[in-house]
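The chain contents come next:
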Amino acid sequence: MGIPSQDVLSKVYGEDAARAQARLSALAGRYDEAFGAGDPEFFTASGRTEIIGNHTDHNGGKILAASITMDSIAAAQPTDDGVVTIWSEGYPEAIVVDTANIDKIAHGGGSTTLVAGMLEATVKRGFKVGGFNAVCSSEVIPSAGVSSSASFEMLVCEIVNHLYNDDAIDRADYARIGQYAENVWWDKASGLMDHMACAVGGTILLDFSDGVKYEKVDFGFDELGCDLVIVNTGKGHADLSAEYSSVPNEMHAVAAELGVENLCDTSEDAVLANVAELRQKCGDRAVLRALHYFEECGRVESAEAAINAGDKARVLELISASGRSSWEWLQNAVVPGMPEEQPIPLALALTELYLRRIGAGVCRLHGGGFAGVIMCVLPKAETAGYVDYISGYFGRESVYLTNIRQTGAACLGKA
């Protein structure tokens, strides 16, 4: 079994192409162990970073997001029996879904549920599905705000698209397929941002005010001479569904009091004109979260204007402002009722102290919040020093050097 060419790997992975080649070689070996000698193709789907736009998608807002260099990879080959079999590294059992009997699989949590839901959604959207054997491996940090589940879902979409649909499925359909699986089969109230950022590649501006619209924008940290460092604070997202649900629920409650379904259908001025009544009916936190929504969407628009004007460094200032708003107004840095456990604020405070000393860089809460990771953007010359510094508090295994990559979900081909 061959590995994709160095030219292909260099285009996707850049300076990390040699390590990617080693990862794919190991994956090829696991494919042979699982299914015998074959001739599979190789696939990738990235993780994602949310640059600006924390918790705005569910109310029709705007987000600036990007694919990152952490990715999930797969080796896959079609079969004639209509059965999908996926061995994922680190899991003891294979995912097995018979495409002829999807309706016999129970809804609920787990990877088998996700795959079954995606296959059903693919058919519902008018596309083809079929059997395939695959082995997968991922470097996307699980349960930490960089979208490991969305990365896996977009990887499966890419496999199905390439093997059975002649690469005709649009990336927006990928996202809707993944969202359907999570909403309908997993009972998880997810939006489309994670999936879009993992699937499209590069930096994208997302607008959810009327379905999902996106455009690619010319922005990257590399061209600012910066690295993106993700710090895992050690607390996962698995048991925080109530906290995450409270954010859209409270924003929707404010919107409902103003006579609309989503905040995108009203305005910040309307909130300000009705603060007293909204405080009484929805509570202070809901009002603060609604104000965060409008200010955050404004920051996305400001970032777009700065990028178009060639003032990309201005985006770093807006990232910092977004982080402060998430912490202070959106209030998703701490789990309510658990004052003794504050890994996100601690990581941010320690990072801010470091950045103040070097006089450069910005940081913010990353992803859904309450737990998981923070992001730090700092000059490349300062990266090693920060990694050493923050590793002293959270461990080197919890610090990840990454950056924006231009490839989202893609088929890497064969040798």
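What you are looking at is a predicted structure, and each value in this text was computed from that prediction instead of being measured.

Contact geometry of helix α7 (residues 241-257) with helix α10 (residues 284-308) gives a least axis separation of 9 Å together with a crossing angle of 90 degrees. The orientation of α7 with respect to α10, classified from their angle, is roughly perpendicular. The residues of α10 that touch α7, namely those facing Ser246, Val247, Glu250, Met251 and Val254, are Arg285, Ala286, Val287, Arg289, Ala290, His292 and Tyr293. Looking at the contact of α7 with α10 residue by residue, the class counts come to seven nonpolar, two polar and three charged.

Right, let's get into the sheet that holds strand β8 (residues 226-232). Taken in spatial order, the four strands of this open sheet run β9-β10-β8-β11, and their pairing is antiparallel. The strands lining the two open edges of the sheet, one partner per strand, are β9 (362-365) and β11 (399-402). Strand-to-strand twist across the sheet, computed as the mean angle between neighbouring axes with direction ignored, equals 20 degrees. As paired elements, β8 and β11 share four bridges and run antiparallel to each other. Counted as the bridge partner of isoleucine 230 is tyrosine 400 from β11. Where helix α11 (residues 313-330) meets the sheet, its contacts fall on β8, β9 and β10 (373-379), and the angle it forms with β9 comes to roughly 35 degrees.

Turning our attention to the nonpolar core. Counting residues in hydrophobic clusters, the biggest one holds 36 residues, and the most contacted among them are Ile86, Val97, Val115, Phe132 and Met154. Ranked by residues supplied to this core, first place goes to helix α4 (residues 148-164) with nine residues. Setting aside residues no more than four positions away along its own chain, valine 97 makes contact with Gly82, Val83, Val84, Ile102, Ile105, Thr112, Val115, Ala116 and Leu119. Val217, Ile307, Val377 and Ile404 belong to the second largest nonpolar core, which has 27 residues in total.

The buried fraction of strand β5 (residues 132-138) is high, at six of seven residues. Of the pairings in the sheet, the one linking strand β2 (residues 62-78) to β5 comprises seven bridges and is antiparallel in character. Bridge pairing in β5 links alanine 76 to alanine 134. In this sheet, β5 lies alongside strand β3 (residues 83-88) in parallel orientation, the contact comprising five bridges. In the sheet register, tryptophan 87 faces β5, and the bridge partner there is valine 135.

Another point: the packing of aromatic side chains. For any pair of aromatic rings, the description consists of the separation of the ring centres together with the inter-plane angle of the planes. A complete count under the given rule lists seven aromatic pairs for this structure. Arranged with centres 5.0 Å apart and planes meeting at 50 degrees, the rings of tyrosine 31 and phenylalanine 35 form a pair that is tilted. Here tyrosine 31 and its partner phenylalanine 35 are both found in helix α2 (residues 17-35), four residues apart, which amounts to about one turn of the helix. We classify phenylalanine 35 as partly exposed; its relative accessible area is 23%. With 5.0 Å between their ring centres and 85 degrees between their planes, tyrosine 293 and phenylalanine 294 make a pair best called edge-to-face. Across the pair, phenylalanine 294 and tyrosine 293 agree in class, each one buried. Taken together, Tyr354, Tyr386, Tyr389 and Tyr393 form an aromatic cluster joined through their ring pairs. Sitting above the plane of the tyrosine 13 ring, arginine 405 keeps its charged end 5.6 Å from the centroid.

Moving on to the environment of glycine 126. Mapped onto the elements of the fold, glycine 126 is located in the loop between α3 (111-124) and β5. Overall, the relative accessible area of 63% leaves glycine 126 in the exposed class. Along the chain, glycine 126 and isoleucine 169 lie 43 residues apart, while their C-alpha atoms are 9.8 Å from each other.

Attention now moves to the state of the cysteines. Following the criterion strictly, the structure yields zero disulfides and no others. Just so you know, cysteine 264 is unpaired, no disulfide at all, and the nearest cysteine sulfur is the one on cysteine 297, 8.5 Å from it. We classify cysteine 264 as partly exposed; its relative accessible area is 25%. You can see cysteine 376 has no disulfide; the closest cysteine sulfur is in cysteine 363, sitting 5.9 Å from it.

It is worth spelling out the environment of phenylalanine 221 at this point. The topology assignment puts phenylalanine 221 in the loop between β7 (213-217) and β8. Each C-alpha atom, one on phenylalanine 221 and one on lysine 312, is 9.1 Å from the other, the two residues being 91 residues apart in sequence. Excluding residues within four positions of it along the chain, phenylalanine 221 makes contact with Cys226, Leu228, Leu316, Ile319, Met375, Val377, Asn403 and Ile404.

Among the structural elements, alanine 17 can be located in helix α2. On the accessibility criterion, alanine 17 (3% relative accessible area) is buried. Along the chain, alanine 17 and glutamine 6 lie eleven residues apart, while their C-alpha atoms are 7.2 Å from each other. With sequence-adjacent residues up to four places away left out, alanine 17 is seen in contact with Gln6, Leu9 and Ser10.

Attention now goes to the pattern of salt bridges. Two side chains of opposite charge can pair, provided their charged atoms sit close to one another. Following the criterion strictly, the structure yields 22 salt bridges and no others. Salt-bridge contacts for lysine 281 lead to glutamate 257; the nearest nitrogen and oxygen are separated by 3.6 Å. With lysine 281 in helix α9 (residues 275-282) and glutamate 257 in helix α7, this pair connects stretches of sequence that are 24 residues apart. Put simply, arginine 299 and glutamate 296 hold a salt bridge, and the shortest N to O gap is 2.7 Å. Remark: glutamate 296 and arginine 299 occur in helix α10; sequence separation between them is three residues, near one turn of the helix. Neither arginine 299 nor glutamate 296 differs from the other in exposure class; each is buried. Bridged by salt links that share partners, the residues Asp16, Arg19, Arg23, Asp71, Glu139 and Arg405 form one connected network.

The rules we used
- Residues numbered from 1 in each chain as written.
- Predicted model: local features only at pLDDT ≥ 70, side-chain atom pairs only at ≥ 80, totals over all residues.
- Heavy atoms only, no water.
- Axes fitted to C-alpha atoms, helices over the stretch in contact; angles between N-to-C directions.
- Helix = DSSP H or I, 4+ residues; strand = E, 2+ residues; numbered from the N terminus.
- Parallel < 35°, antiparallel > 145°, perpendicular 65-115°, else oblique.
- Contact = heavy atoms within 4.5 Å.
- Nonpolar A, V, L, I, M, F, W, Y, C, P; charged D, E, K, R; others polar.
- Pairing = 2+ DSSP bridges.
- Core = buried A, V, L, I, M, F, W, Y, C linked by side-chain atoms within 4.5 Å.
- Buried < 20%, exposed > 50% of the residue type's maximum accessible area, 1.4 Å probe, protein only.
- Phe/Tyr/Trp six-rings, centres within 6.5 Å; stacked < 30°, edge-to-face > 60°.
- Lys NZ or Arg CZ within 6 Å of the ring centre and 35° of its normal.
- Disulfide = S-S within 2.5 Å.
- Salt bridge = Lys/Arg side-chain N within 4 Å of Asp/Glu carboxyl O.

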